[in-house]
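Take a look at the letters that make up each chain.
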Amino acid sequence: FELERLGVHDSVEAVFPPSELADFLADLPLEVGVIGDDEIAACDAVVTLEYREAFLEVDWVHSIQAGVDRFPFDEFEADDVVLTNSTGIHDRWVGETVAGYLLSFARRLHDHVANQQERRWDQPEWDEGFTLSGTTACVLGTGTLGSGVAEVLGSLGVRVTGVRRSAAPVPGFEEVYATEDLLEAVADADFVIVTLPLTDETRHLVDADVFEAMRGDAYFVNVGRGPVVDEAALIDALESGTIEGAALDVFETEPLPEESPLWELDEVIVTPHCAAFTEDYFRAIGDIVHENVSRLESGEEFYNRVV
Ligand code: NAD
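Conventions and cut-offs
Every chain is numbered on its own, with residues counted from 1 as its sequence reads. Predicted model: local features are reported for residues with pLDDT of at least 70 only, side-chain atom pairs are reported and counted for 80 or more only, and whole-chain, interface and lining totals are derived from all residues. In computing side-chain properties, one takes all heavy atoms of the structure into account and sets aside hydrogens as well as water. By the criteria applied, helices consist of DSSP H or I runs no shorter than four residues and strands consist of E runs no shorter than two, each listed in order from the N terminus. Under this definition, polar contacts are N or O atom pairs within 3.5 Å; protein pairs additionally need one hydrogen-donor-capable and one acceptor-capable atom, and for neighbouring residues in sequence, both atoms have to be side-chain atoms. Contacts are assigned to residue pairs that have any heavy atoms within 4.5 Å of one another. Only protein atoms enter the 1 Å grid used here, on which a cavity is any set of points holding a 1.4 Å probe that cannot leave and a pocket is any open set flanked by protein within 12 Å on both sides along at least five of seven lines; residues with an atom within 4 Å of a point are listed as lining. Grid points are joined across faces, edges and corners, and a volume is the space filled by probe spheres set on the points. Note that Gly is not counted as nonpolar here; it falls among the polar residues with everything else outside the nonpolar set of Ala, Val, Leu, Ile, Met, Phe, Trp, Tyr, Cys and Pro and the charged set of Asp, Glu, Lys and Arg. All axes here are fitted lines through C-alpha atoms, helices being fitted over the stretch that makes contact, and every angle between N-to-C directions spans 0 to 180 degrees. An angle below 35 degrees is treated as roughly parallel, one above 145 as roughly antiparallel, one from 65 to 115 as roughly perpendicular, and anything else as oblique. Each helix crossing is assigned a hand: it is left-handed if the near helix lies turned anticlockwise from the far helix by less than a right angle, otherwise right-handed if that turn is clockwise. Here, expected helix span is obtained from the residue count minus one, scaled by 1.5 Å. A simple rule labels every residue: compare its accessible area, found with a 1.4 Å probe on the protein chains alone, to the largest value its type can have, and call it buried under 20%, exposed over 50%, or partly exposed in between. DSSP-based pairing: two strands are paired if at least 2 bridges between them are found. A pair of Phe, Tyr and Trp rings is counted when the ring centres sit within 6.5 Å of each other, with Trp represented by its six-membered ring. The angle between the planes then sorts it: under 30 degrees is stacked, over 60 is edge-to-face, the rest tilted.

**Quick word on the side chain of E267**
- Relative to the elements of secondary structure, E267 occurs in the loop between β11 (245-248) and β12 (268-270).
- Polar side-chain contacts of E267 include one of 2.7 Å to the side chain of R108.
- In this view, E267 contacts F105, R108, H110, D111, Y219, E244, G245 and A246; residues no more than four positions away in its chain are not counted.

Here is the structure:
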């Protein structure tokens, strides 16, 4: 197909101003503009956060997220629509967010911020603080996110192990376990960190058995996708003291419902699916779109093609 008109769908607004990306792409040899739902059909390609049924009418859809679990792959395939995603860019961004969670737990920063809201001078107990150096983090998923987490945590002296489909080694991970050995992999870790995509295989992969296998003083982190974790089992594990705490960026239902107990649990940090937000986001997306426009022109396969 040929590209004449590329639309930046206004749903990307949740992550960055759509006009910033449209301006960044202005040098492409095609018409680029910010579009709403009623202008999708007039485009050959769309860059988007959310999914719309009208996307099945265009030739190419690019997701500004790495996770494309909301897109109906079969229908894209049947209607000959190319789907590309944005994996490969979130490594250090999410890695630093995860380091922030771990540092908060270790140095009690979340307690101090909560106390500050109440103008309360309240020093922690002598044995509450610890250092990250020498702790172990088990990272589920050893792709872009997992590797970025391993890199940043490694620089803080954390020993990082990984879980992937096969136990073959991956740079940055001291030890790698296969998914079937998940319970063994998490058993000794101070931190268990999910960076997995949502697939049929990963849905509820982290369940009550996994929390049971973790140490009682261990923390759980999810920056992958909410439904990879059985959230009811997580809440049980937190409330019963089976694990010490959790930092969560993604949830089974987003936005996290107001009545969720997760908002109020002491050792739980909740962030609103923003682990990868940075001022550079639109430029990284723009680079992928540029790359794919030039690949399309020279007849090469799309970069980051999913369907
Ligand atoms: P990626 O494709 O680079 O890495 C995914 C990794 O998961 C791969 O190494 C893959 O082998 C592994 N994997 C898949 N199924 C598995 C299974 N059953 N058992 C073990 N390992 C398995 O993708 P990425 O860029 O690292 O992103 C991963 C996911 O993180 C995305 O799909 C998205 O859902 C999520 N994400 C969240 C944020 C956020 O803001 N919180 C940002 C970026 C990505």
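After that view, the rundown keeps rolling.
**With respect to the layout of surface pockets**
- The space that makes up the second largest pocket amounts to roughly 240 Å³.
- Taken together, S104, H110, D111, V113, A114, N115, R120, E264, D266, V268 and I269 form the lining of the second largest pocket.
- Put simply, the parts of the chain that give the lining of the second largest pocket at least two residues each are α4 (109-117) and β12.
- Of all the elements, α4 adds the most residues to the lining of the second largest pocket, at five residues.
- Split into classes, the residues belonging to the lining of the second largest pocket amount to four nonpolar, three polar and four charged.

**Some details on the packing of helix α3 (residues 91-107) against helix α5 (residues 144-155)**
- Viewed as axis vectors pointing N to C, α3 and α5 meet at an angle of 55°, and their least axial separation amounts to 7 Å. The pairing of α3 with α5 is recorded here as oblique in orientation. Crossing hand, α3 versus α5: right-handed. Within the contact between the two elements, α3 uses D91, R92, V94, G95, E96, V98, A99 and L102 and α5 uses T144, L145, G148, V149, E151, V152 and L153.
- Split by residue class, the contact of α3 with α5 holds eight nonpolar, three polar and four charged.

**Remarks on helix α9 (residues 281-297)**
- A rise of 1.5 Å per residue sets the reference length of α9, with its 17 residues, at 24 Å; its end C-alpha atoms lie 25 Å apart and thus fit the reference within 8%.
- Along α9, the residues classified as buried are Y281, F282, A284, I285, G286, I288, V289, N292 and V293.
- Contacts from the buried residues of α9 go to β1 (5-9), α1 (18-24), β3 (45-48), β4 (60-63), β5 (82-84) and α3.
- Just downstream of α9, G299 is the residue with a positive phi angle, here 75°.

**Comments concerning the sheet that holds β11**
- Taken in spatial order, the seven strands line up as β8-β7-β6-β9-β10-β11-β12 in an open sheet, and their pairing is parallel. The sheet is open, and its two borders are formed by β8 (175-178) and β12, each paired with just one other strand. On average, each strand axis in the sheet is inclined to that of its neighbour by 15°, with strand direction left out of account.
- Here strand β6 (residues 136-140) pairs with strand β9 (residues 191-194) via four bridges, running parallel. For L140, the partnering residue across the bridge sits in β9 and is V194.

**Looking at the packing of aromatic side chains**
- For the coordinates displayed, the defined rule picks out 14 aromatic pairs.
- Ring centres of Y51 and F55 lie 6.0 Å apart, and the angle between their planes is 80°; this geometry places the pair in the edge-to-face category. You'll find Y51 and F55 in the same group, each marked buried.
- Taken together, the ring pairs in this structure connect F16, F24, W93, Y281 and F282 into an aromatic cluster.

**Quick notes on empty space enclosed by the protein**
- Summed over all chains, the structure comprises one cavity of 30 Å³ or more.
- By volume, the largest cavity amounts to about 50 Å³.
- Along its surface, the largest cavity is lined by F220, N222, G226, V229, E231, L234, L248, V250, F251, E252 and L262.
- In terms of residue class, the lining of the largest cavity is built from seven nonpolar, two polar and two charged.

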